[in-house]
Amino acid sequence: MPFSYRKSKMLRRSRVMRGSWRVWKPRVVFWIGAIAIGLVSVAFAWAADEAQMLFKSATSSGAYSFLLPLLLTPAGFILCTWLAMTFFPNAQGSGIPQAIAARHLRDEQSRSALLSLKLAAGKIALTVIGLFSGASIGREGPTVQVGASIMLAAGRFGGMAQGKGLILAGSAAGIAAAFNTPLAGIVFAIEEMSRTYESRANGLVLTAVVLSGLAALGLVGSYTYFGENSLAVATRLDWLMVVLCGVGGGALGASFSHGALTLSRRIRRWAQPAPLKKMLMLAGGCGLAVAVIGIVSGGQTFGTGYDQARSMLEGEMLSPLFFLEKLASTFLSMISGIPGGIFAPSLAVGVGFGGTLGTLFGASVALSAMLGMAGYFAGVVQAPMTAFVIIIEMTGNHEAVIPIMAASMLGYITSRMIAPVPLYHGLSRPFIAQAIRARRGADDRPQTGESSAR
């Protein structure tokens, strides 16, 4: 075989291999990004749980330790707000509005201001600090921003141009890994993040959810967030609770959503022209109020509310006022500007609301708590499919699928009548407006060099 022939054959094979790598590189990087989301979500969950345990042990180990939140909680709120505004801008709040806003932005620079690896690291650290301070926040919303940031960074490295699809995939993978609810992650991406069905993007979503879920499964195993139950609706009183929990939970959720949007707008106007100083004052005041509510409630309103929600889903009734106390703590934590989500606290509020209704009407506390969770959560986020799918997956309950769906739909319909603007989409608008203003300001700056000399 002539040398020239062998050489040309080797060159052709080399080109094929290079072409093959160009094809496979985006896929491999995407898969690695999805797995990374699962691993980071598990680590985030562990850190959040440890922070809550440290706070609980610190505030219950001495004669006057129950007063410690009066110092620790406001100080933690102030620290988180200062760090967020100084070193991690756009890390405040849940993180879901930032991911939604990034999907509406086209230029890479504006998206990077809302979703980046630096922001993801800051989001995790500040949420953990907030939980250590006793804030009524969750880690699930922040995991959406973290997941979207990781996936967008992976897309840049892999040369993938589907920015919107990558954000959608990362957000869904974050929710799926945070709750161990793969179906809810997919439904959340379609219903809440995109508000439409996109076949190409949803292929990315499915792949990301599967891979991140497998990564999380490999570390923590298979589990249901609230354990498993087989509660079922069997009597007329049970069906009455479906209606009451759906309508009442939806109205309560709409009040929370509308109040948060209205007050957020007023706070943005009030904070000018010295936002840092005023937001630190607000954070300290909110932290002090959260501490007082927590002390009055016997420590029940601090943290995510997971333990309290699980207890009521198992039939143990807490204080009838728990849902109001938890709602107030969550509302104050949200408007304070500290990083942290409302998913888990909202589930706890809904469980408390339903459990209180069940006690008043003599119905099953556990069943009413589950229905209240569906109605209230659907009322807050205005995403009924996400609400009932995530609750079914978190409780492992397949006996009450129709009642949970009914409570979610009633909550959604009631909420839409009271608060037409969905919470997360309403909160995303300031981020979009801020990006547009920044872009216009950059375009209006005088050009340097030859063009400016003219």
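See the structure shown above.
What counts as what
- Residues numbered from 1 in each chain as written.
- Predicted model: local features only at pLDDT ≥ 70, side-chain atom pairs only at ≥ 80, totals over all residues.
- Heavy atoms only, no water.
- Patch = residues over 30% accessible without salt bridge, like charges linked within 9 Å, V, L, I, M, F, W, Y side chains within 5 Å.
- Areas by Shrake-Rupley, 256 points an atom, 1.4 Å probe, with all protein chains shown as cover.
- Salt bridge = Lys/Arg side-chain N within 4 Å of Asp/Glu carboxyl O.
- Lys, Arg positive; Asp, Glu negative; His and termini not counted.
- Charge placed at Lys NZ, Arg CZ, Asp CG, Glu CD.
- Helix = DSSP H or I, 4+ residues; strand = E, 2+ residues; numbered from the N terminus.
- 1 Å grid on protein atoms, 1.4 Å probe; cavity = no way out; pocket = protein on both sides within 12 Å on 5 of 7 lines; lining within 4 Å.
- Points joined across faces, edges and corners; volume = space filled by probe spheres on them.
- Nonpolar A, V, L, I, M, F, W, Y, C, P; charged D, E, K, R; others polar.
- Buried < 20%, exposed > 50% of the residue type's maximum accessible area, 1.4 Å probe, protein only.
- Axes fitted to C-alpha atoms, helices over the stretch in contact; angles between N-to-C directions.
- Parallel < 35°, antiparallel > 145°, perpendicular 65-115°, else oblique.
- Contact = heavy atoms within 4.5 Å.
- Phe/Tyr/Trp six-rings, centres within 6.5 Å; stacked < 30°, edge-to-face > 60°.
- Lys NZ or Arg CZ within 6 Å of the ring centre and 35° of its normal.
- Core = buried A, V, L, I, M, F, W, Y, C linked by side-chain atoms within 4.5 Å.
- Expected span 1.5 Å × (residues − 1).
- Left-handed = near helix turned anticlockwise from the far one by under 90°.

(A) Local environment of a positive patch on the surface. There is a patch of like positive charges on the surface, built from Arg265, Arg266, Arg268, Arg269 and Arg429. In terms of residue count, helix α10 (residues 236-271) provides more of the positive patch than any other element does, 4 residues in total. Looking at the element boundaries, Arg266 is found in helix α10.

(B) Layout of the layout of surface pockets. Roughly 950 Å³ of volume is contained in the largest pocket. Surrounding the largest pocket, 29 residues form its lining, Gln92, Arg268, Met279, Pro430 and Phe431 being those nearest its centre. Elements that contribute at least two residues to the lining of the largest pocket include exactly α2 (69-86), α3 (96-104), α10, α11 (275-296), α13 (322-335) and α18 (423-444). Among the elements that make up the lining of the largest pocket, the one with the highest residue count is α18 (5 residues). Of the residues in the lining of the largest pocket, the class split is 14 nonpolar, 13 polar and 2 charged. Its volume calculated, the second largest pocket comes out at about 820 Å³.

(C) Broad picture of a nonpolar patch on the surface. Among the surface-exposed residues, Tyr64, Phe66, Leu67, Leu70, Leu288, Val292 and Val296 lie close enough to one another that they form a single nonpolar patch of about 670 Å² accessible area. Broken down by element, the residue count for the nonpolar patch peaks at 3 residues, all from α11. We classify Val292 as partly exposed; its relative accessible area is 38%.

(D) Region of interest: the packing of α10 against α11. Axis separation between α10 and α11 bottoms out at 8 Å; the angle between their running directions is 130°. With respect to each other, α10 and α11 are oriented oblique. Residue-level contacts link Ile267, Trp270 and Ala271 of α10 to Pro275, Lys278, Met279 and Leu282 of α11. Classifying every residue of the contact of α10 with α11 by side-chain character gives 6 nonpolar, no polar and 1 charged.

(E) Spotlight on the environment of Ala113. Within the element layout of this structure, Ala113 appears in helix α4 (residues 108-114). Residues Ala113 and Ala91, 22 residues apart in the sequence, show an inter-C-alpha distance of 9.8 Å. Those residues within four positions of Ala113 in sequence are excluded, and the remaining contacts are Pro89, Asn90 and Leu119.

(F) Local environment of empty space enclosed by the protein. Evaluation of the coordinates by the stated rule reveals 1 cavity of 30 Å³ or more. Taken as a whole, the largest cavity encloses approximately 40 Å³ of empty space. Lining the largest cavity are Ser136, Ile137, Thr330, Ser333, Met334, Ile338, Gly340, Gly341 and Ile342.

(G) Representation of the packing of aromatic side chains in the model. Within this structure, the stated rule accounts for 9 aromatic pairs. Between Phe343 and Tyr424, the aromatic rings sit 6.3 Å apart at their centres with planes inclined by 20°, giving stacked as the arrangement. Highlighted residues: Phe343 in helix α14 (residues 343-361) and Tyr424 in helix α18, separated in sequence by 81 residues. This pair shows no difference in class: Phe343 is buried, exactly as Tyr424 is. One aromatic cluster is present, built from ring pairs that chain together Phe179, Phe188, Phe343, Phe377 and Tyr424. The cationic tip of Lys278 hangs over the ring face of Trp270; the distance from NZ or CZ to the ring centre is 5.6 Å.

(H) Expanded view of the nonpolar core. The biggest cluster of nonpolar side chains holds 120 residues, and the ones touching the most others in it are Phe343 and Met370. For this core, the element with the highest residue contribution is helix α15 (residues 365-381), accounting for 12 residues. Core analysis: the second largest hydrophobic core is formed by 6 residues, Leu83, Ala84, Phe88 and Leu119 among them.

(I) Structural view of unusual backbone geometry. For the bond from Gln272 to Pro273, the omega torsion is 5°, close enough to zero to count as cis. By the element assignment, Pro273 lies in the loop between α10 and α11. Unusually for a residue other than glycine, Asn90 sits at a positive phi of about 75°. Tracing the sequence through the fold places Asn90 in the loop between α2 and α3. Under the relative-accessibility criterion, Asn90 is labelled buried at 11%. Here the phi dihedral of Gln382 falls at roughly 55°; this positive angle occurs in a residue that is not glycine. For Gln382, the location among the structural elements is in the loop between α15 and α16 (384-395).

(J) Structural view of the pattern of salt bridges. Per the stated rule, a full pass over the model turns up 3 salt bridges. Between Glu108 and Arg156 there is a salt bridge whose closest N-O contact spans 2.5 Å. With a gap of 48 residues between them, Glu108 in helix α4 and Arg156 in helix α6 (residues 140-158) connect regions that are remote in the sequence. For Glu108, a relative accessible area of 37% gives the class partly exposed. Looking at Arg156, the relative accessible area reads 37%, which means it is partly exposed. Note that Arg139 and Glu140 form a salt bridge whose closest N and O atoms lie 4.0 Å from each other.

(K) Structural context of α13. Here α13 spans 20 Å end to end across 14 residues, near enough to the 20 Å set by a 1.5 Å rise per residue. Within α13, 11 of the 14 residues are buried, which leaves the element mostly enclosed by the surrounding structure. For α13, the elements touching its buried residues are α2, α10, α11, α12 (306-313), α14 and α15. At the C-terminal side of α13, Gly337 shows a positive phi close to 95°.

(L) Here's a closer look at the packing of α13 against α14. For the pair α13 and α14, interaxial distance at closest approach is 8 Å and the crossing angle is 160°. When the axis of α13 is compared with that of α14, the two are roughly antiparallel. The hand of the α13/α14 crossing is left-handed. Facing Phe322, Phe323, Lys326, Leu327 and Thr330 of α13, the residues of α14 in contact are Pro345, Ala348, Val349, Gly352, Phe353 and Thr356.

Read these as layout, nothing more, since geometry by itself doesn't imply function.
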